[in-house]
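Notes for the structure review
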Amino acid sequence: MSDLPPVPGEQILIIDDIPANIDLLARLLEPQGYRVLAASSGEAGLRVAERANPDLILLDVMMPNLDGYATCRQLKSLPATREIPVLFISARDEMRSLVEGFQAGGVDYIIKPFQPEEVLARVQTRLQLSGLRHELRHKNQELLQRSQELTRANEELREEIEKRQRVEEALEVADEQLSIISVREAERWGLSGFVGKSGTLTKIVQDIRRMQRFGSVNVLITGESGTGKELVARAVHFGSSREKNPFIPVNCVAIPEDLAESTLFGHVRGAFTGATTDKKGYFEIAAGGTLFLDEIGDMPANLQAKLLRVLEDGTFTPVGATKERRTDVRIVAATNIDLQRQMNSGAFRHDLYFRLAQFTVQVPPLRERRDDIPLLAAHFLRLFADEMGLPTPAFDERALAVLKAHDFPGNIRELKNIIERSLIESGGGPIQIQHVQPSFVLGNRKQSVSVPEATRLSAAVASDDLPLNLEAAEDLLIRRALAETGGNIAEAARRLGINRTRIYRKLSANGS
């Protein structure tokens with residue numbers, strides 16, 4: 001890390017919908033000489049960033065309306081804010097969340113709970129790195145101007161080149177230090193990450209053990225979105241003879257069609273505009289290991305033929321190359337759509353299907369393994385409590401009954417989200433029914449659960465006179481609940497399915 005101290009007056013914008021998080025970061029940064037700006041939503045953050053042009057942005061991921069990823073993408077699309085480095089801060093440490101953050105344009109990803117020293121070190125390094133980039137750009141411009149105007153200043157030009165080299169070396173050191181930052185490995189990559197006792201889960205574990213013994217057999221995993229297909233794929237890899245070699249996950253839908261061939265098979269220098277160096281594709285990077293092709297059913301038809309050839313003879317040709325290359329890669333593919341229907345319509349090749357489906361694993365939806373829901377809920381509650389530095393609270397039996405009755409259209413991914421939100425709502429206390437129910441929202445559809453004294457929030461939301469402004473709508477709903485309960489805050493909170501402290505904060509903010 002560079003020994004440069006913080007530059008007094010550097011501006012840092014914090015975008016977070018929770019005021020306590022903003023206060024915590026501000027108390028950490030301001031004593032170091034940084035000037036702190038704040039915004040409570042992604043939309044407000046975009047306006048502040050365009051107006052103030054801060055030196056760095058600390059961006060929360062989970063925010064209503066415009067989440068952190070969408071906010072970052074918009075920042076990177078605007079000329080005024082494109083160059084501002086963005087550091088994500090989130091309690092989510094799944095690899096896919098980290099990848100999505102970097103794909104959105106973020107330069108770093110800080111996982112909660114964090115240590116103050118970690119935040120300060122990363123902020124300082126990123127600001128120094130940004131400063132070095134600006135200095136390098138300035139030196140390049142200065143060098144070009146002098147080379148055009150001062151033909152007689154050879155010695156001065158040589159000195160400027162040396163300065164540029166020193167800046168580039170400092171930039172490389174900073175990049176290298178940032179690449180050393182480690183991301184905690186979770187237990188989910190092994191069979192210990194499979195929680196439950198249902199017969200369907202037992203069969204999946206047996207299938208995984210069988211596939212771990214046969215490392216050259218391709219595997220097709222089917223199941224609805226959110227059921228844990230990638231977890232199955234990783235378990236197949238990490239328990240096999242290939243586990244010391246790479247596991248490369250690839251989302252077939254996320255690859256732009258015009259770059260798909262280069263992404264999978266690589267390219268050589270000069271193959272197309274912008275190809276300034278040779279680049280390895282995923283098939284070469286994953287050599288000896290496993291390539292996980294998620295959402296394989298959406299792969300373009302022209303790419304299916306090229307994939308089939310690799311599966312048949314283990315050879316591929318990088319874009320622009322004249323010689324074939326060989327690779328030894330195991331393919332584990334996954335899909336949440338009906339491949340049989342895709343084949344009947346001609347959208348998916350029959351021969352490719354049979355190459356991929358040498359062994360198939362069907363991952364059932366969570367509603368078909370309801371007995372596992374309490375075990376999974378307890379497992380996720382323990383993980384999230386550990387991340388937040390809290391003792392693991394207990395579940396109220398009624399809350400567990402509500403969870404078991406829910407159909408979980410989002411499957412395990414939805415359950416994880418509900419448990420995390422419930423822990424936050426409970427403040428670390430026992431998970432009650434009111435902490436669980438308000439989370440049952442998917443898109444614009446709210447699932448009702450038939451339990452005694454269920455929340456009446458959905459009825460209020462359907463009201464025709466509800467304002468479209470979220471803050472005003474929340475204020476109206478709280479006041480309506482207080483009016484109906486004769487000012488009983490505890491009863492109003494129960495009916496709305498929120499914590500009493502949320503009502504106290506709203507009343508305090510309004511001067512009530």
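Please refer to the structure higher up on the page.
Residues numbered from 1 in each chain as written. Predicted model: local features only at pLDDT ≥ 70, side-chain atom pairs only at ≥ 80, totals over all residues. Heavy atoms only, no water.

**Looking at the packing of helix H14 (residues 373-388) against helix H15 (residues 397-405)**
- Between H14 and H15, whose axes approach to 9 Å, the crossing angle comes to 115°. Two packed elements cross with a definite hand, and for H14 against H15 that hand is right-handed. From H14, Ile-373, Pro-374 and Ala-377 reach across to H15, where they touch Leu-400, Leu-403 and Lys-404.
- Considering only residue class, the contact of H14 with H15 consists of five nonpolar, no polar and one charged. (Axes fitted to C-alpha atoms, helices over the stretch in contact; angles between N-to-C directions. Helix = DSSP H or I, 4+ residues; strand = E, 2+ residues; numbered from the N terminus. Left-handed = near helix turned anticlockwise from the far one by under 90°. Contact = heavy atoms within 4.5 Å. Nonpolar A, V, L, I, M, F, W, Y, C, P; charged D, E, K, R; others polar.)

**Observations regarding the nonpolar core**
- Of all hydrophobic cores here, the largest spans 29 residues; its most connected members are Phe-283, Leu-291, Leu-293 and Ile-296.
- It is helix H11 (residues 301-313) that contributes the most residues to this core, five residues altogether.
- When sequence neighbours within four positions are dropped, the list of residues in contact with Phe-283 reads Leu-264, Phe-265, Leu-291, Leu-307, Val-310, Thr-327, Val-329 and Ile-331. (Core = buried A, V, L, I, M, F, W, Y, C linked by side-chain atoms within 4.5 Å. Buried < 20%, exposed > 50% of the residue type's maximum accessible area, 1.4 Å probe, protein only.)

**Things to note about the environment of His-134**
- On the secondary structure map, His-134 appears in helix H5 (residues 116-149).
- Along the backbone, His-134 and Glu-83 are 51 residues apart, and their C-alpha atoms lie at a distance of 9.8 Å.

**A short note on the pairing of strand E12 (residues 359-362)**
- Along E12, the buried face is formed by Phe-359 and Val-361; none of Thr-360 and Gln-362, which line the opposite face, is buried.
- As judged from the four bridges shared by strand E6 (residues 219-222) and E12, these two strands associate in the parallel manner. Paired with Thr-222 across the strands is Gln-362, a residue of E12. (Pairing = 2+ DSSP bridges.)

**Looking at the sheet that holds strand E11 (residues 330-335)**
- Spatially, E7-E8-E11-E6-E12 is the arrangement adopted by the five strands of the open sheet, whose pairing is parallel. Edge positions in the sheet fall to strand E7 (247-251) and E12, since each has one partner strand and no second. The average undirected angle you get between the axes of adjacent strands in this sheet is 20°.
- Running at roughly 155° to E12, helix H7 (residues 199-213) makes contact with E6, E11 and E12 of the sheet.

**Some thoughts on the packing of aromatic side chains**
- Overall, the coordinates contain seven aromatic pairs when judged by the stated rule.
- Residues Phe-238 and Phe-247 carry aromatic rings whose centres are separated by 6.1 Å and whose planes lie at 35° to one another, so their mutual orientation is tilted.
- Feature note: the residues Tyr-69, Phe-88 and Tyr-109 constitute an aromatic cluster, connected by ring pairs. (Phe/Tyr/Trp six-rings, centres within 6.5 Å; stacked < 30°, edge-to-face > 60°.)

**Considerations on the side chain of Glu-10**
- Mapped onto the elements of the fold, Glu-10 is located in the segment before strand E1 (11-15).
- Summary of buried charges: Glu-10 has no salt-bridge partner, and the nearest side chain of opposite charge, Arg-35, is 9.5 Å away.
- Excluding anything up to four places from it in sequence, Glu-10 contacts Gly-33, Tyr-34, Arg-35, Asp-55 and Leu-127. (Lys, Arg positive; Asp, Glu negative; His and termini not counted. Salt bridge = Lys/Arg side-chain N within 4 Å of Asp/Glu carboxyl O.)

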